[in-house]
Amino acid sequence: MMSPGAILKSAFTSKLYVTVLVAIVLGASLGLAAPDAGASLEPVGTGFISLIQMLIGPVIFCTIVTGVASAGELTSVGRIGVKALVYFEVLTTVALVIGLVVMNVADPGAGVNADPSKIEVTGAAREYVHQGEAQHWYDFLVQVIPDSMVGAFVEGNVLQVLLISVLFAVAVKMLKERGAPLVRGIERVGEVVFGIVRLVMYLAPLGAFGAMAYTVGEFGTDTLISLLGVVLLFLGTGLFFSVVVLGVVARLCGIRVLRLYRHFKSELLITLGTANYEAVMPQLMTKLVDLGCPKRIVGLTVPSGYAFNGDGVCLYLGFAALYIAQAFDVHMSFWQQLGLLAVFMITSKGSAGVAGAGFVILAATLSTTAAVPVAGIMLVLGIDRFMSTIRGLVSLTGQILGSIVVSRWEGVFDRDRARAVLAREPEAAAGAHAEPGTEARVPAATSTDGTAASETATGTTPAT
């Protein structure tokens, strides 16, 4: 019989996912029962997300610098980066194609018969359109360069932080032995940063409660019910991509995707509650290292993924664009859809650090191509919060597999270790159930190149 203290401790450590799930249900219930009260809790959800986002820059910096320092030759760093980008590009393209195919087959916009001349773009949608019109396909290339080294961390732009971190890491690597004390110092700073992450994660249930109460209270069920078919179709498409498409990818890496998702259930539930998958970056990196991916690969692949891996966004772009076209009775030929796909492949790469990225990119692309009236974004604005949650979950599943794929590609993925952890074997799961902030106790294994595949992360998050 567990004591009340032990139960309370496990609720925020090994059983955090249960606490988050209960918080999501309670938040949704409050939003339904008292919409005004639920809507007023928006600062609770956004506050938790802000606490995590303020740590993303330091987490990326410390992880990349220490990871590159242990990466051997610098050529391997570039090789890992290229392989990560290839993986993300292939998967996002597949997501775009699936979104277009599903919409052509299901044709959910047929019969809406909306008139674009009678739809006025107002409120938040107008801001999204203005922001989208100001976007260019090359923005993510230009904006990757910060005004200053400090500015990258102040603005929280993932691409800029990634650039500064890689350049700093390479410069330290070139110092050889003279840079060793600096690397050790950054490792200690990393431990402190992950310690802060541990403290913030105790607030995850509160953040999920506030975010869910706000979503349901602000947008209500009327908006959701009116376009329930569209939301369910998008949810089903997202599940197909995450379970079937990524399931094939996982099998190629020698693991089962559903067991993998079970291992990351806390991260998935936090994303479900907050509609923001950036909030789980620190603990995602730690658990991937514990799973058997080398720290140097995780340190490069995960931050790159948050900049370039928009599986959920790309799935949404093809989905939403064709729904709007169908609702306006705009017939798009195969070649027009192919052209739209090509534009989305470019514009989707500019989503890093953009609030409401999916909606902004959709507005920008529709404004640029003029194939579909941009006023059509008003047709999906009401359900965008729910679609955003699904986008985040799909992007997170792709992000989870990114480091595993690159590690496998490099021949250093410890598959036996991963299988042991996912199968919940006692000796392998000991580290996964450790209290937040403690190091994993999973025994290190040797990879195919003779290096330790299970490099210890700078910290561990509330485990599942």
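Regarding the packing of aromatic side chains
The description of an aromatic ring pair rests on the distance of the ring centres and on the angle between the ring planes. Counting across every chain of the model gives six aromatic pairs. With 5.0 Å between their ring centres and 55° between their planes, Phe-61 and Phe-168 make a pair best called tilted. Of this pair, Phe-61 sits in helix 4 (residues 42-69) while Phe-168 sits in helix 9 (residues 158-174); the two residues are 107 residues apart in sequence, bridging distant segments of the chain. Judged by relative accessible area, which is 16%, Phe-61 ranks as buried. A relative accessible area of 26% places Phe-168 in the partly exposed class. Both rings, one in Phe-334 and one in Trp-335, keep their centres 5.2 Å apart while their planes meet at 75°; by these two values the pair is edge-to-face. Residue classification places Phe-334 among the exposed positions, given a relative accessible area of 58%. The rings of Phe-61, Phe-153 and Phe-168 are connected pair by pair, giving a single aromatic cluster. Here the basic side chain of Arg-391 rests over the ring of Tyr-316, its NZ or CZ set 4.3 Å away from the ring centre.

Regarding the nonpolar core
Phe-48, Leu-260, Leu-362 and Ile-404 are the most contacted members of the largest nonpolar core, which has 119 residues in total. Filtering out sequence-adjacent residues up to four positions away, Leu-362 remains in contact with Tyr-316, Leu-317, Ala-320, Ala-321, Ile-324, Phe-344 and Ile-377.

As for helix 22 (residues 415-422)
Those residues of helix 22 that sit buried are Arg-417, Ala-418, Ala-420, Val-421 and Leu-422. One or two residues past the end of helix 22 sits Arg-424, with phi positive at roughly 65°.

Notes on the packing of helix 4 against helix 9
The contact between helix 4 and helix 9 brings their axes to 9 Å, and the two run at 30°. If you check the angle between helix 4 and helix 9, you find them roughly parallel. In the crossing of helix 4 with helix 9, the sense of the turn from one axis to the other is right-handed. Between helix 4, through Gly-57, Ile-60, Phe-61, Ile-64, Val-65, Val-68 and Ala-69, and helix 9, the contact on the second element is made entirely by Val-158, Val-161, Leu-162, Ser-165, Val-166, Phe-168, Ala-169 and Lys-173. When its residues are assigned to classes, the contact of helix 4 with helix 9 shows 12 nonpolar, two polar and one charged.

Overview of the pattern of salt bridges
If you walk through the whole model with that rule in mind, you get five salt bridges. The closest approach of N and O atoms between Arg-188 and Glu-191, which form a salt bridge, is 2.8 Å. Of the two residues, Arg-188 and Glu-191 both sit in helix 10 (residues 180-201), three residues apart, roughly one turn of that helix. Here Arg-188 falls in the partly exposed class, since its relative accessible area comes to 42%. Under the relative-accessibility criterion, Glu-191 is labelled partly exposed at 35%. Measuring nitrogen to oxygen at the nearest pair gives 3.1 Å for the salt bridge that ties Lys-287 to Glu-267. A residue pair is termed long-range when its members are at least 10 positions apart, and Lys-287 in helix 15 (residues 281-291) and Glu-267 in helix 14 (residues 265-274) qualify at 20 residues. Glu-267 carries the same exposure label as Lys-287, and that label is buried. Salt bridges here are not isolated pairs; linked through shared partners, they connect Arg-79, Lys-83 and Glu-410.

The rules we used
- Residue positions are given per chain, counting from 1 as you read along its sequence in written order.
- Totals for whole chains, interfaces and linings use every residue, but because this is a predicted model, local features are given only for residues with pLDDT of at least 70 and side-chain atom pairs only at 80 or more, for both listing and counting.
- To obtain the side-chain values, all non-hydrogen atoms of the structure were used and water was disregarded.
- Centres within 6.5 Å are what make two rings of Phe, Tyr or Trp a pair, Trp counting through its six-membered ring; a difference in plane orientation under 30 degrees is then read as stacked, over 60 as edge-to-face, and the rest as tilted.
- Helix and strand labels come from DSSP, where a helix needs a run of H or I of at least four residues and a strand needs a run of E of at least two; each type is numbered from the N terminus.
- The classification of residues rests on relative accessible area computed with a 1.4 Å probe and restricted to protein chains. Under 20% of the type maximum is buried, over 50% is exposed, and intermediate values are partly exposed.
- Charges are assigned to positions over rings by a cutoff of 6 Å between ring centre and Lys NZ or Arg CZ, combined with an angular limit of 35 degrees from the ring normal.
- In this text, buried Ala, Val, Leu, Ile, Met, Phe, Trp, Tyr and Cys residues form a nonpolar core when linked through side-chain atoms within 4.5 Å.
- It only takes one pair of heavy atoms within 4.5 Å for two residues to be counted as in contact.
- Fitted lines through C-alpha atoms serve as axes, helices being fitted only where they are in contact, and the angles separating the N-to-C directions of these axes extend from 0 to 180 degrees.
- Here the angle decides the label: under 35 degrees means roughly parallel, over 145 means roughly antiparallel, 65 to 115 means roughly perpendicular, and every other value means oblique.
- Crossing handedness follows the turn of the near helix against the far one: under a right angle anticlockwise gives a left-handed crossing, and clockwise gives a right-handed one.
- Under the convention adopted here, Pro, Cys and the residues Ala, Val, Leu, Ile, Met, Phe, Trp and Tyr are nonpolar, Asp, Glu, Lys and Arg are charged, and Gly plus all remaining residues are polar.
- The working definition used for a salt bridge is a side-chain nitrogen of Lys or Arg within 4 Å of a carboxyl oxygen of Asp or Glu.

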